[in-house]
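Understanding the architecture of this molecule
Now for the letters of each chain:
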Amino acid sequence: MGTLEALLDRYGQTYAEEAGIRMADRPMPLYQLLVLSTLLSARISSGVAVAAARELFAAGFRTPKAMAAASWQQRVDALGRGHYRRYDERTATMLGDGAELLLDRWKGDLRRLREEAGGDERRLRELLAEFPGIGPAGTDIFLREVQGVWPQVAPHLDDRVLEGARAVGLPHREGPLAGLAGSGPKLARLSAALVRVSRSKKSAAEVKAAGR
């Protein structure tokens, strides 16, 4: 088994998949990815952020309309069930405000935001950053995961991804690394895997050993 295969086999589940999101170029999964990106942006473990996202979706807050209609306390309670307690009150407010923004400006459909950006990634990043809680890190998270269904943004291999590639001995420049994936969905999986190994020397070492 080569390094790429070992990496994808062990860590190639996207964060969206982990949160139960069936990614597609449709309004609901795109919105759910925005919610997950917001949660992952905080200084909190990815496991807790994913668990909180699953609780929000289980509570029925899967669309911007449902999120906006929920009370602040309902959002806080769902976040708490996912153990997202350190940032629960602030995040509950941000999710409500973000849902209202998406409804008011883009009719609840992030594809409209993409169209407004007109293929300009810098503009796309600027528009995404208008959502409360989505800073540079959150924008990178969203673009890494959405590139599987938005070929317009692929390849999106940010510094965190390239750091992971360097850690396991894969090409750490965007072009050669993207060439290894060969498709948008696989690129999203590869990106998620490389983010995971970038955060764990033990995981990186395991992948390198398996790839020998």
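The structure this text deals with has already been given above.
For the structure given in this document, a descriptive report is provided here. Because the structure is a prediction, the values reported are computed rather than measured. (Residues numbered from 1 in each chain as written. Predicted model: local features only at pLDDT ≥ 70, side-chain atom pairs only at ≥ 80, totals over all residues. Heavy atoms only, no water.)

1. Some details on the side chain of His156
One can find His156 in the loop between helix 10 (136-146) and helix 11 (159-168). By relative accessible area, which is 5% here, His156 ends up buried. Side-chain polar atoms of His156 contact the side chain of Asp140, separated by 2.9 Å. In this view, His156 contacts Glu121, Arg125, Asp140, Leu143, Arg144, Gln147, Glu174, Leu187 and Ser191; residues no more than four positions away in its chain are not counted. (Helix = DSSP H or I, 4+ residues; strand = E, 2+ residues; numbered from the N terminus. Buried < 20%, exposed > 50% of the residue type's maximum accessible area, 1.4 Å probe, protein only. Polar contact = N/O pair within 3.5 Å; in protein donor to acceptor, adjacent residues only side chain to side chain. Contact = heavy atoms within 4.5 Å.)

2. Quick look at the packing of helix 9 (residues 121-128) against helix 10
It is the contact of helix 9 with helix 10, at a shortest axis distance of 9 Å, that shows an interaxial angle of 115°. The handedness of the crossing between helix 9 and helix 10 comes out as right-handed. Seen from helix 9, the contacting residues are Glu121, Leu124, Arg125 and Leu128; seen from helix 10, they are Pro136, Thr139, Asp140, Phe142 and Leu143. Residue composition of the contact of helix 9 with helix 10, by class: 5 nonpolar, 1 polar and 3 charged. (Axes fitted to C-alpha atoms, helices over the stretch in contact; angles between N-to-C directions. Left-handed = near helix turned anticlockwise from the far one by under 90°. Nonpolar A, V, L, I, M, F, W, Y, C, P; charged D, E, K, R; others polar.)

3. A word on the environment of Met94
Residue placement: Met94 occurs in helix 7 (residues 88-106). A relative accessible area of 14% places Met94 in the buried class. Along the primary structure Met94 and Thr38 are separated by 56 residues, whereas in three dimensions their C-alpha atoms are 8.6 Å apart. For Met94, the residues in contact, after removing those within four places along its chain, are Pro132 and Gly133.

4. A look at the environment of Ile21
In this fold, Ile21 is placed in the loop between helix 2 (15-18) and helix 3 (27-40). Along the chain, Ile21 and Leu180 lie 159 residues apart, while their C-alpha atoms are 25 Å from each other. In contact with Ile21, not counting residues within four places along its chain, are Ala16, Pro29, Gln32, Leu33, Leu36 and Phe57.

5. Concerning empty space enclosed by the protein
Inspection of every chain in the model, using the stated rule, returns 1 cavity of 30 Å³ or more. The volume enclosed by the largest cavity comes to roughly 70 Å³. Surrounding the largest cavity, Tyr31, Leu34, Val35, Thr38, Met94, Leu95, Gly98, Ala99, Phe131, Pro132 and Ile134 form its lining. Going through the elements one at a time, helix 3 and helix 7 are the ones with two or more residues in the lining of the largest cavity. Among the residues forming the lining of the largest cavity, the class breakdown is 9 nonpolar, 2 polar and no charged. (1 Å grid on protein atoms, 1.4 Å probe; cavity = no way out; pocket = protein on both sides within 12 Å on 5 of 7 lines; lining within 4 Å. Points joined across faces, edges and corners; volume = space filled by probe spheres on them.)

6. Observations regarding the pattern of salt bridges
Where side chains of opposite charge bring their charged atoms close, a pairing between them can arise. This structure, assessed with the given rule, holds 10 salt bridges. We note a salt bridge from Asp25 to Arg114, for which the minimum N-O separation is 3.1 Å. One end of the pair, Asp25, is in the loop between helix 2 and helix 3; the other, Arg114, is in helix 8 (residues 110-117), with 89 residues separating them in the sequence. Its relative accessible area of 15% is what places Arg114 among the buried residues. Asp140 is the salt-bridge partner of Arg125, the closest N and O atoms lying 2.8 Å from each other. Placement of Arg125 in helix 9 and of Asp140 in helix 10 is noted, with a sequence separation of 15 residues between them. The class of Arg125 is partly exposed, set by a relative accessible area of 24%. Ionic contacts of the salt-bridge type, sharing partners, join the residues Arg105, Glu116, Arg123, Glu126 and Glu130 into one network. (Salt bridge = Lys/Arg side-chain N within 4 Å of Asp/Glu carboxyl O.)

7. Some details on helix 10
Taking burial as the measure, the 11 residues of helix 10 include 9 buried ones, the bulk of the element. Looking only at helix 10, the buried set comprises Gly138, Thr139, Asp140, Ile141, Phe142, Leu143, Arg144, Glu145 and Val146.

8. A few points about the packing of helix 1 (residues 3-11) against helix 14 (residues 201-210)
Here helix 1 crosses helix 14 at 135°, and the two axes come no closer than 8 Å. It follows from the interaxial angle that helix 1 and helix 14 lie oblique. Helix 14 is crossed by helix 1, and the crossing has right-handed handedness. On the side of helix 1, the interface is formed by Thr3, Ala6, Leu7, Arg10 and Tyr11, while helix 14 contributes Ser203, Glu206, Val207 and Ala210. Of the residues belonging to the contact of helix 1 with helix 14, the class tally is 5 nonpolar, 2 polar and 2 charged. (Parallel < 35°, antiparallel > 145°, perpendicular 65-115°, else oblique.)

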